[in-house]
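Letter by letter, the chains look like this.
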Amino acid sequence: MTPPRALADLPFARRPPLELLGLTEDRAEIDTDYAGFGWTRVERLWLDDGAALTAVDDALVLALHAADDGAALADDVELEFDLGDARAIAPLSAFLARWLPRLPTDATIVLALCNPHHARLAAPPAAGGRPVWYGRGPVDSWLDHHADHDRLRLVAPGGWHQAHAPEL
């Protein structure tokens with residue numbers, strides 16, 4: 001596959017939540033080779049920092065991947081898109097500026113994205129004032145089975161934060 005010439009050309013599509021987050025099979029460990037990306041909507045998602053759980057209702061989840069060899073940026077994350085026999089690299093800020101206006105605008109945004117350099121992210125203008133949750137450090141997805149329901153959980157040991165508008 002030829003890499004896309006523009007961010008708008010990426011195959012960033014809506015996918016079922018469990019498929020998008022690599023949870024279609026029960027697993028005891030993280031699949032470090034999984035490189036799926038896209039977006040989904042969920043009624044409720046739990047953010048876990050190892051000490052507390054935060055419920056996010058009506059979440060627009062964007063599953064993205066930080067480039068393994070990405071630059072250490074203080075306020076951005078370098079993304080990598082695995083396109084089979086090609087890859088595309090883009091800054092998260094540019095990706096969000098291009099894609100958020102194309103996605104539903106009535107939900108809280110959650111970035112299912114590793115943030116290996118613990119970047120402090122600013123709220124993108126395209127978020128339109130909606131909350132944008134992101135983790136610091138690795139972010140892993142889990143499906144917890146309970147007697148009467150399943151719980152979708154994203155774990156970020158470095159903590160969960162809300163992006164804020166940049167200071168002027």
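Predicted model only: the values in this text are computed from it and were never measured. (Residues numbered from 1 in each chain as written. Predicted model: local features only at pLDDT ≥ 70, side-chain atom pairs only at ≥ 80, totals over all residues. Heavy atoms only, no water.)

Brief notes about the nonpolar core
Then, in step 1: F12, L62, L64, F81, L92, F95 and L111 are the most contacted members of the largest nonpolar core, which totals 30 residues.
Then, in step 2: Among the secondary structure elements, those contributing two or more residues to this core are β2 (53–63), β3 (78–82), α2 (92–99), β5 (108–112) and β6 (132–135).
Then, in step 3: Ranked by residue count, the leading element in this core is α2, at 4 residues.
Then, in step 4: Sequence-distant contacts of L92, that is, excluding residues within four places in its chain, are made with L64, D76, V77, L79, L111, L113 and L121. (Core = buried A, V, L, I, M, F, W, Y, C linked by side-chain atoms within 4.5 Å. Buried < 20%, exposed > 50% of the residue type's maximum accessible area, 1.4 Å probe, protein only. Helix = DSSP H or I, 4+ residues; strand = E, 2+ residues; numbered from the N terminus. Contact = heavy atoms within 4.5 Å.)

A few points about the environment of D49
Then, in step 1: Summarising the element assignment, D49 is placed in the loop between β1 (38–48) and β2.
Then, in step 2: Each C-alpha atom of the pair D49 and D106 lies 25 Å from the other, and the pair is 57 residues apart in sequence.
Then, in step 3: The contacts of D49, once residues within four sequence positions are left out, are A156, P157, G159 and W160.
Then, in step 4: Side-chain polar atoms of D49 contact the backbone nitrogen of A51, separated by 2.8 Å. (Polar contact = N/O pair within 3.5 Å; in protein donor to acceptor, adjacent residues only side chain to side chain.)

Some remarks on the side chain of R136
Then, in step 1: By the element assignment, R136 lies in the loop between β6 and β7 (140–145).
Then, in step 2: Buried charge without a partner: R136 forms no salt bridge, and the closest opposite charge is D49, 11 Å away.
Then, in step 3: Apart from residues lying up to four places away in sequence, R136 is in contact with N115, H118, A119, R120, A156, G158, G159 and H161. (Lys, Arg positive; Asp, Glu negative; His and termini not counted. Salt bridge = Lys/Arg side-chain N within 4 Å of Asp/Glu carboxyl O.)

A few points about the side chain of D48
Then, in step 1: Inspection of the secondary structure puts D48 in strand β1.
Then, in step 2: Among all residues touching D48, those that are not within four sequence positions of it are L53, R153, L154, V155, A156 and W160.

Describing the packing of aromatic side chains
Then, in step 1: Taken as a whole and judged by the stated rule, the model has 5 aromatic pairs.
Then, in step 2: Centroid distance F81 to F95: 5.4 Å. Interplanar angle 35°. Geometry classified as tilted. Here the residue F81 occupies a position in strand β3, and F95 occupies one in helix α2, the gap between them amounting to 14 residues.
Then, in step 3: One aromatic cluster in this structure is built from F12, F37, F81, F95 and W99.
Then, in step 4: The ring of W99 is capped by R102, whose NZ or CZ atom sits 4.3 Å from the centre of that ring.
Then, in step 5: We note R151 situated over the ring of W46; from NZ or CZ to the ring centre the distance is 5.8 Å. (Phe/Tyr/Trp six-rings, centres within 6.5 Å; stacked < 30°, edge-to-face > 60°. Lys NZ or Arg CZ within 6 Å of the ring centre and 35° of its normal.)

Structural notes on the pattern of salt bridges
Then, in step 1: Counting across every chain of the model gives 9 salt bridges.
Then, in step 2: Two residues, R15 and E19, come together in a salt bridge whose shortest N-O distance is 3.0 Å.
Then, in step 3: Across the salt bridge formed by D48 and R153, the nearest N and O atoms sit 2.8 Å from each other. Placement of the pair is D48 in strand β1 and R153 in strand β8 (residues 150–155), with a sequence separation of 105 residues. An identical accessibility class is assigned to D48 and R153; each is buried.
Then, in step 4: Connected via shared salt-bridge partners are D48, D144, R151 and R153.

That's the geometry; what it means functionally is another story.
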